[in-house]
Amino acid sequence: MATLNFAGTEENVVTREEFPLSKAQEILKDEVVAVIGYGVQGPGQALNQRDNGINVIVGQRKNSKSWDKAVQDGFVEGKTLFEIEEALEKGTIICYLLSDAAQIALWPTVKKHLTAGKALYFSHGFGITYNDQTGIVPPKDVDVFLVAPKGSGTSLRRMFLQGRGLNSSYAIYQDATGKAFDRVISLGIAIGSGYLFETDFKREVYSDLTGERGTLMGAIQGIFAAQFETLRKNGHSPSEAFNETVEELTQSLMPLVAENGMDWMYANCSTTAQRGALDWWKKFRDATLPVFSDLYASVAAGKEAKRSIDSNSQKDYREKLDAELKELRESEMWQAGKTVRSLRPENQEPA
């Protein structure tokens, strides 16, 4: 483990150079990694582990879309694909990758298969941190840890196939066997992490829920919508408004930020853009800081967890979600986006 200094703060990180895949394969050689759930994170993590030589099986409800997807991805019924309870019985490491609401519902079944020495693996601190609401309290004689990729399962798989890695956090909640660190880091390497940085379950879920509701999804959509609406109200066409709001950011500027940071992106823009950005960014910070403070307080108080559990456990949850996503999809901004994306050179039919 390396200790790195990030802006004056020391953090423990593990890189693939100091913990190579061969070491992870050796540590996991006698384990059966049971991936429970094949929805958002499950496919990417299971496929990357399989491709990295780990003995991985999938547990999924039969005759479901996710079961069919696992079959399409090469998992074989009775060999590497099983009904959930059979996979739980066979697995020595249980990768619990169902949605938070589904984890609550299935927990009594999972718990009875957590025999001494097994490990319970999460990719989110939700179930453990808010166990007063979820009821997820693991037995004391099993390891409990998490690896949380900083992105979607789709991104994890895509970057793996490109020979790249998606950074992940890791945390150990319970070390019953004395092997929790080796197990968790090995799994983090096996799923395709770029590097792993240390956290704990509470900090992971607090930062994750804040990020999702903030700059990663909620805030960025809100800012997009506000700027797009302002431009449209002032006579700009949908194409112009979308390109200046979304397309230039995602296709041109954010890759520069990812490459070398915000200051480097500023340095590679026009002097007019530099001046405007430097003059206005603190105003946006000051305007949104109270919102982020309220958001973090709501996360820490468990209010966001309660809303998520209450909403996502309703029988008509999927119908309500589809209606909200439809409203987003059919908004003028994202209809313009659909047209703009179709006009990108890579999406054009050859002449």
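Think of each chain on its own: its residues are numbered from 1, step by step along the sequence as written. In view of the model being predicted, local features appear only for residues whose pLDDT reaches at least 70, and side-chain atom pairs are presented and counted only at 80 or more, with totals across whole chains, interfaces and linings using the full set of residues. To get the side-chain values, take all heavy atoms of the structure and skip hydrogens and water.

- An unreviewed UniProt entry lists the protein under the name Ketol-acid reductoisomerase, from Hanamia caeni.
- Listed in UniProt under the heading Cofactor (unreviewed entry), the comment for the protein reads: "Mg(2+)".
- UniProt lists a comment for the protein under the heading Sequence similarities (unreviewed entry), and it reads "Belongs to the ketol-acid reductoisomerase family." UniProt positions are given in the numbering used here, feature names are shortened, and annotations may be inferred rather than shown by experiment.

### Structural notes on the packing of aromatic side chains
Item 1. Aromatic contacts are taken between Phe, Tyr and Trp rings whose centres are within 6.5 Å, Trp giving its six-membered ring; a plane angle under 30 degrees counts as stacked, one over 60 as edge-to-face, and the others as tilted. This structure, assessed with the given rule, holds 13 aromatic pairs.
Item 2. Look at Tyr-121 and Phe-145: their rings are 6.3 Å apart centre to centre, the planes differ by 85 degrees, and that puts the pair in the edge-to-face class. With Tyr-121 in strand β7 (residues 119-122) and Phe-145 in strand β8 (residues 143-149), this residue pair connects regions lying 24 residues apart in the sequence.
Item 3. Per-residue accessibility, obtained with a 1.4 Å probe over protein chains only, is compared with the maximum for each type, and a residue is labelled buried under 20%, exposed over 50%, and partly exposed between these values. You can call Phe-145 buried: its relative accessible area is 0%.
Item 4. An aromatic cluster of three or more residues is present, and its members are Tyr-96, Trp-107, Phe-122, Tyr-173 and Phe-201.
Item 5. Whether a charge sits over a ring comes down to the Lys NZ or Arg CZ being within 6 Å of the ring centre and within 35 degrees of the ring normal. Over the ring of Phe-75 we find Arg-50, and its NZ or CZ is 4.7 Å from the ring centre. The way it works is that DSSP assigns letters per residue, a run of H or I at least four long becomes a helix, a run of E at least two long becomes a strand, and they are numbered from the N terminus.

### Focus: the nonpolar core
Item 1. In terms of nonpolar packing, the biggest core is built from 35 residues, with Phe-75, Ile-93, Tyr-121 and Ile-185 touching the most fellow members.
Item 2. Of the residues forming this core, the biggest block, 6 residues, is contributed by helix α9 (residues 180-190).
Item 3. When checking whether two residues touch, look at their non-hydrogen atoms; a contact exists if any pair is within 4.5 Å. Setting aside its immediate chain neighbours within four residues, Ile-93 contacts Leu-28, Glu-31, Val-32, Val-33, Ala-34, Ala-119, Tyr-121, Arg-183 and Leu-187.
Item 4. Among buried residues, those of type Ala, Val, Leu, Ile, Met, Phe, Trp, Tyr and Cys that are joined through side-chain atoms within 4.5 Å constitute a nonpolar core. Residues Ala-87, Tyr-96, Leu-146 and Ala-148 belong to the second largest nonpolar core, which totals 25 residues.

### So, the pattern of salt bridges
Item 1. Criterion for a salt bridge: a side-chain nitrogen of Lys or Arg within 4 Å of a carboxyl oxygen of Asp or Glu. Throughout the structure, instances matching the rule amount to 18 salt bridges.
Item 2. Residue Arg-344 pairs with Glu-247 through a salt bridge whose shortest N-O separation is 2.8 Å. With Arg-344 in the segment after α17 (332-342) and Glu-247 in helix α12 (residues 238-260), this residue pair connects regions lying 97 residues apart in the sequence.
Item 3. The salt bridge partner of Asp-310 is Lys-306, with a shortest N-O separation of 2.7 Å.

### Overview of the UniProt feature "binding site: substrate" (unreviewed entry) in the protein
Item 1. According to UniProt, the "binding site: substrate" (unreviewed entry) feature falls on Ser-270.
Item 2. Here Ser-270 shows up in the loop between α13 (262-267) and α14 (271-300).

### Describing the domain arrangement of the protein
Item 1. Residue ranges assigned to each domain were obtained from an automatic or database domain assignment. In terms of domain boundaries, the protein breaks down into domain 1 (2-199) and domain 2 (211-347).
Item 2. Summarising the inter-unit geometry, the C-alpha centres of domain 1 and domain 2 are found 30 Å apart.
Item 3. Each partner contributes residues to the interface: domain 1 has 6 residues there, and domain 2 has 8 residues.
Item 4. The contact between domain 1 and domain 2 buries some 550 Å² in all, and 68% of this surface belongs to carbon and sulfur atoms.
Item 5. Once two parts are put together, the accessible area they lose, assessed with a 1.4 Å probe and summed over both, is termed the buried area. Of all residues in domain 1, Phe-126, Tyr-130 and Gln-133 give up the largest surface area on contact with domain 2, accounting jointly for 68% of the area buried on that side.
Item 6. Across the contact surface, domain 1 and domain 2 share 0 salt bridges.

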